[in-house]
Amino acid sequence: MPTTVIRNADWVIAWDAAQQRQVYRRGVDIAFAGDTITHLGPAAYPGTADRVIDGAGLMVMPGLIDIHSHPHHEPLYRGIREEHGVANMHMTGLYERGQAFSVPDDEAREASAEFAYCELLLSGVTSLVDISAPFDGWIELFAKSGMRGFLAPGYASARWFLENDLGPSYDWDEARGRAGFQRALRVIDAALAHPSGRLSGVVSPMQIDTCTEDLLRDSRDAARERGLAFTTHCAQSVNEVREMIFRYGVTPIQWAHRLGLLGPGTILGHALFIDTHSWVRWHTKDDLKLLGDTGTAVAHCPTPFARYGQIMEHFGDYLRAGAVMGLGTDCSPHNLVEEMRKASVLARIAARDIHAVDVADFLHAATAGGAMALLRDDIGRLAPGKKADLVLVDLSCAQMQPARDPLRGFVYHAADRAVRDVFVDGIQVVADRRVLTMDQADAARRLAAAQERMQAETPQRDYLRRRSEEIVPLSLPLAD
Ligand SMILES: [Zn+2]
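Residues numbered from 1 in each chain as written. Predicted model: local features only at pLDDT ≥ 70, side-chain atom pairs only at ≥ 80, totals over all residues. Heavy atoms only, no water.

Distances from the zinc ion to its protein donors, His-68 (NE2), His-70 (NE2), His-233 (NE2) and Asp-330 (OD), fall at 2.0 to 2.3 Å. Around the zinc ion, the 4 donor atoms sit at angles spanning 85 to 168°, and that spread fits a shape best called irregular. Of note, the donors binding the zinc ion are all from one chain and are spaced H-x1-H-x162-H-x96-D. Here the residue His-68 occupies a position in strand β6 (residues 64-69), and His-233 occupies one in strand β12 (residues 229-234), the gap between them amounting to 165 residues. (Donors = N, O, S within 2.8 Å, 3.2 Å for Na, K, Ca; no water. Tetrahedral: all angles 85-135°; square planar, octahedral: opposite > 155°, others 65-115°. Helix = DSSP H or I, 4+ residues; strand = E, 2+ residues; numbered from the N terminus.)

Now for the packing of helix α2 (residues 106-122) against helix α3 (residues 138-145). Two elements in contact, α2 and α3, have axes whose closest approach is 10 Å; the angle formed by their N-to-C orientations is 25°. By the angle between their directions, the pair α2 and α3 is classed as roughly parallel. Along this stretch, α2 crosses α3, giving a crossing that reads as right-handed. Residues Glu-110, Ala-113, Glu-114, Tyr-117 and Leu-121 of α2 touch α3, and the partners they reach there are Trp-138, Leu-141, Phe-142, Lys-144 and Ser-145. Looking at the contact of α2 with α3, its residues break down into 6 nonpolar, 1 polar and 3 charged. (Axes fitted to C-alpha atoms, helices over the stretch in contact; angles between N-to-C directions. Parallel < 35°, antiparallel > 145°, perpendicular 65-115°, else oblique. Left-handed = near helix turned anticlockwise from the far one by under 90°. Contact = heavy atoms within 4.5 Å. Nonpolar A, V, L, I, M, F, W, Y, C, P; charged D, E, K, R; others polar.)

Within the structure shown, the criterion is met by 11 aromatic pairs. Where Phe-273 meets Trp-279, the ring centres are 6.1 Å apart and the plane angle is 40°; that geometry is what we call tilted. Assessed through its relative accessible area of 1%, Phe-273 is described here as buried. Trp-279 sits in the partly exposed class, given a relative accessible area of 33%. Each residue in the set Phe-273, Trp-279 and Phe-305 is aromatic and connected to the rest through ring pairs, giving one cluster. The positively charged end of Arg-26 is found above the aromatic ring belonging to Trp-11, 3.8 Å away from the centroid. (Phe/Tyr/Trp six-rings, centres within 6.5 Å; stacked < 30°, edge-to-face > 60°. Buried < 20%, exposed > 50% of the residue type's maximum accessible area, 1.4 Å probe, protein only. Lys NZ or Arg CZ within 6 Å of the ring centre and 35° of its normal.)

Right, let's get into the nonpolar core. With 115 residues, the main nonpolar core has Tyr-117, Ile-253 and Phe-410 as its most contacted residues. Looking at this core, the element that brings in the most residues is helix α12 (residues 359-373), giving 7 residues. Not counting chain neighbours up to four residues away, the residues in contact with Tyr-117 comprise Pro-71, Leu-128, Asp-130, Trp-138, Leu-141, Phe-142, Ser-145, Met-147 and Met-438. Listed in part, the 17 residues of the second largest apolar core include Phe-32, Ile-53, Leu-58 and Val-60. (Core = buried A, V, L, I, M, F, W, Y, C linked by side-chain atoms within 4.5 Å.)

Turning to the packing of helix α11 (residues 336-351) against α12, a few remarks are in order. It is the contact of α11 with α12, at a shortest axis distance of 9 Å, that shows an interaxial angle of 140°. Our classification of the angle between α11 and α12 gives oblique. Where α11 crosses over α12, the handedness of that crossing is right-handed. Where α11 approaches α12, its residues Leu-336, Met-340, Ala-343, Ser-344 and Ala-347 are matched on the opposing element by Phe-362, Leu-363 and Ala-366. When grouped by side-chain class, the residues that make up the contact of α11 with α12 number 7 nonpolar, 1 polar and no charged.

Before going further, it helps to examine the pattern of salt bridges. Applying the stated criterion to the full structure yields 28 salt bridges. The salt bridge involving Arg-341 is made with Glu-338; its shortest N-O contact spans 3.5 Å. Note that Arg-341 and Glu-338 are positioned in helix α11 at a spacing of 3 residues, about one turn of the helix. Judged by its relative accessible area of 22%, Arg-341 is partly exposed. With a relative accessible area of 27%, Glu-338 lands in the partly exposed category. When the shortest N-O distance is used, the salt bridge between Arg-445 and Asp-442 registers 3.9 Å. Of the two residues, Arg-445 and Asp-442 both sit in helix α14 (residues 440-461), 3 residues apart, roughly one turn of that helix. Since its relative accessible area comes to 28%, Asp-442 is described here as partly exposed. Three or more residues joined by partner-sharing salt bridges are found here, namely Glu-114, Lys-144, Asp-442, Arg-445 and Arg-446. (Salt bridge = Lys/Arg side-chain N within 4 Å of Asp/Glu carboxyl O.)

Relative to strand β18 (residues 427-431), strand β17 (residues 419-424) runs antiparallel, the two being bridged by 3 bridges. Each bridged residue has a counterpart across the sheet, and for Phe-423 the counterpart in β18 is Gln-428. The antiparallel pairing of β17 with β18 creates a hairpin that spans 2 residues between the two strands, and Asp-425 there sits at a positive phi of about 55°. Examined bridge by bridge, β18 and strand β19 (residues 434-435) share 2 bridges and lie antiparallel to one another. When the sheet's bridge partners are listed, Val-430 is paired in β19 with Val-435. Between β18 and β19, which pair antiparallel one after the other, the connecting turn spans 2 residues, and Asp-432 there sits at a positive phi close to 50°. (Pairing = 2+ DSSP bridges.)

As structure tokens, this is what we get:
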């Protein structure tokens, strides 16, 4: 097994198992053999190594864990999604966009996913929950990326469709949901059997409002049987909250609890519109306590909501209630460091309190918190015996200077610009800011062509038969 040693790293973010938290260490050696970390200071690494990396000018940190993403379509929305929303649907553009801008074909899915995987690696993500409609070649593409994958093939009993701009209608087809569930399990089992050993799965009925009670329960059971996490979108829009209250008399979180879905290993994307949220103000005050008492995980993705004018209220309260907080990139750009920064600032705005959260909370969410959500204790932390998923941050990057506190420098200033090298399972996948496993420029060309094909179909898909430019005009008028 090839051994790599990083000698005398200026800064290391290491796992303190006794305190269950990330800590700084200075001037230490880190070694890994095969896929496993074998040494982490304070004494110098005594063995021989096949490769020696000079740790001067570096911060070595655990690879980031992204527990919510949709790589197969979100890159297609660049230039479309950022300022799209429907005021009559409490600002969300989710339902209108999903219908009008639909992924045209598997080639588009592939280009989009490959492009997103590059963005993710370049910003230090080494583990990804990929919630996608399964397509042929998905497992092979993910394996090629070199990232650690938690494939989450989505399925549902109902499809949203629009009849007006007030909210989605539901087209129910239970058999389709069941067939999707079975296909998802086949994909997950194939991922688990992949020879790379880097692929796993998450059972993912798409939304709490589009899946039948039985499908949700059976999905949760299938996840438990396999020792895997379970995820669904829940409390992600005001429309959804109102729909669930109308159907069942309880909030989406309370409905999930009633079905026995909450608990360790369950990840809710995004649990933002809880009963106490200022946009909901339902008369109960139970949702946050339910999340915390059951140890349910939340995939917090601030960007899509912030663009609509919505924020979580607030991250610090969720943490202190006992919810397992993780982070995700629900939309483009797929940059988890930017999400850490945005989440911290928005939490303070929501709390009106500088001390409501700190950067260590978000590092934890993007590493050990995400790992806990996925029922894993071997990733998201640098310590002997853990997986060799590492990010080498370049302290000489201008935006990292002066590097008094490199985590703050990384999250608040430099982000992906300072990510120099990335290793997953001990294998280098990013070197000197270039992805070694995929061709991002080629993926970008295919992505642009796919976006054209998607927009060409928009008038047939949109409920008002509008062209793409009518739904989302360019940001500036086009002068003659
Ligand atoms: Zn999502």
